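Each chain, letter by letter, is given below.
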Amino acid sequence: MPENEVFFSDQTEQSATKAHIVSSYFTAWSRVIKKWGSKMAYIDLFCGPGRYGDNNPSAPLQIIQSTLADPLLTKNMMFLFNDCDPANIRSLQQEISALDAANQLKRIDYFTETIDIDSYKRLHIPPNVPVLSFVDPFGYKGLTKELIDLLIANSGSDCIFFFNYNRINMALSSNTKFDEHLIGIFGEERTNVLKTELATLSPAQREPVVINALIESLTESKGNFVLPFKFYSAEMLRTSHFIVFVTKNPVACKIMKQIMYSNSAKDNDGVATFSFEDSKNFSDIFTQLSLFDGPIKTLETNLIKKNHGKYVTVLDLCNEVDCDFTNQFVGKNVKDVLRNLEMAGLITVVSGRKVKSRNGILNMPDNAIIYFN
C-alpha cells in the first residue's frame, strides 16, 4: 500500500487538530482579506483525496465548506489543489463537486505535479493576490525556503507547512544522501553546521537546535514571523512533526498565535506549550504541582523590568507579547500577570477601568492604563 494511502486511512487526533488549526486560520485570514475587495487564493500543494478512510474531511474540504458559506468568498476565492497522485485529485474533485452542487466556485484548478526542489520556479502566482498556502508533504522532499518565500511574497499572504521533524532529524544524522533536500530548507552552510553540532547531542537536546535553525533560516533578511506547533507520534511519546506558520505580518502572527494557543496543552498557569497532547500518549500523565517557578514568572519579571516607572495600556502590553513569536505567551497570560501584580501592589490601574472586578476576578480591559510602581 502506498504511503499516502496509509496517511489517509483513518483520521488521527493529530490530523484532526492540524486540519482544525488550518481551517480556523483560513476563517480568520479570509475575514480580514475579503475586506480588501480583491481576488484571493488558497493553494494546497499536497491536497490528498479530501476525506480520510473514516469519512472525516481533511483541510481542503473544510475550507471549501467555509467558503461556500460566505457569498463574498464564494465570488472572490481562487483555489489551486495539487497532488502527485491522480487518484487523489479525482477523489477531491468529486468531493468538492458534491459540496458545490450549484457550481458556485468558478476558479478551482487541479494539478498532478510532483513537488521537488525546483517547483518554486514553475509555480506562478498572480501579483497582488493574497494567498494562504498549505504545504503538507508526507516526508519533506519539495519543501524549500525558496518555495515558502514565493508563497508569502504577495501582501496578505501566509504559509502553513508540515515540518517532518522525525525524518529530518534522521537525515541530519546521515551521510550526504539527503543533503540536497536539507540544503533546500536550511541552506548549505547551516546544514553543515547543524550536522556537526547535532553529532554530540542527545535526542532531547537536538530538537530545539533543529527548530531554532529552521526559524533562523526562514527569518534571515526577510523579517518573517515564524510559529511552530508540535505534534507527538501516534505510536509513542516522541516528537513526530510540527506545523509551522510563516508570515510577514505581525497581526497575522497574533491571530495564529491565539489559534495555536487554543489548541495547545497548557500548564497550571495557563501558559501554552504550543504542542498537542493526544489521548494515547498523555492519558495516564497527571498534572503535578511544582515547587519551582513556571514560565509565567519569567513573563512577570520581564514586564516589571521593561516597564518600571512607565504608563502603558493593557492592549499595548498584550499586543507586544502576541506579536512576539520568540515566546510562548499570549495576551491572556499578560492579563493574568497584571492581576497578580495589582494584588501585590506592584502596579496601579490609573484609568480606563469602570468596574474593578467581576465575579471576584480583577478586570483588565484593553484600554486600561497601567502604571508600574
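Use the structure listed above.
Reading guide: rules and limits
Residues numbered from 1 in each chain as written. Predicted model: local features only at pLDDT ≥ 70, side-chain atom pairs only at ≥ 80, totals over all residues. Heavy atoms only, no water. Buried < 20%, exposed > 50% of the residue type's maximum accessible area, 1.4 Å probe, protein only. Helix = DSSP H or I, 4+ residues; strand = E, 2+ residues; numbered from the N terminus. Pairing = 2+ DSSP bridges. Right-handed = clockwise from strand over helix to strand, strands pointing away. Contact = heavy atoms within 4.5 Å.

Asks: Got a sec to walk through the pairing of strand β5 (residues 158-163)? Specific residues and values, please.
Replies: Put simply, side chains in a regular strand alternate between the two faces of the sheet. Across the six residues that make up β5, a large majority, six, are buried. Of the two faces of β5, the one lined by D158, I160 and F162 and the one lined by C159, F161 and F163 are each fully buried. The sheet contact formed by strand β4 (residues 131-135) and β5 spans four bridges and is parallel. Each residue of the ladder has a partner; that of S133, found in β5, is C159. One crossover worth recording links β4 to the parallel β5 by way of helix α7 (residues 145-151), and it is right-handed. As judged from the six bridges shared by β5 and strand β7 (residues 239-247), these two strands associate in the antiparallel manner. Opposite F163, over in β7, you have F242 as the bridge partner.

Asks: Give a detailed account of the environment of I347, specifying residues and quantitative values.
Replies: For I347, the position within the fold is in strand β10 (residues 347-351). Given the relative accessible area of 4%, I347 is considered buried. A C-alpha to C-alpha distance of 14 Å links I347 and N302, two positions 45 residues apart in sequence. Each residue touching I347, except ones within four places of it in the same chain, is listed here: L338, L341, E342, M364, I370, Y371, F372 and N373.

Scope: geometric values only; no functional claims are made or implied.
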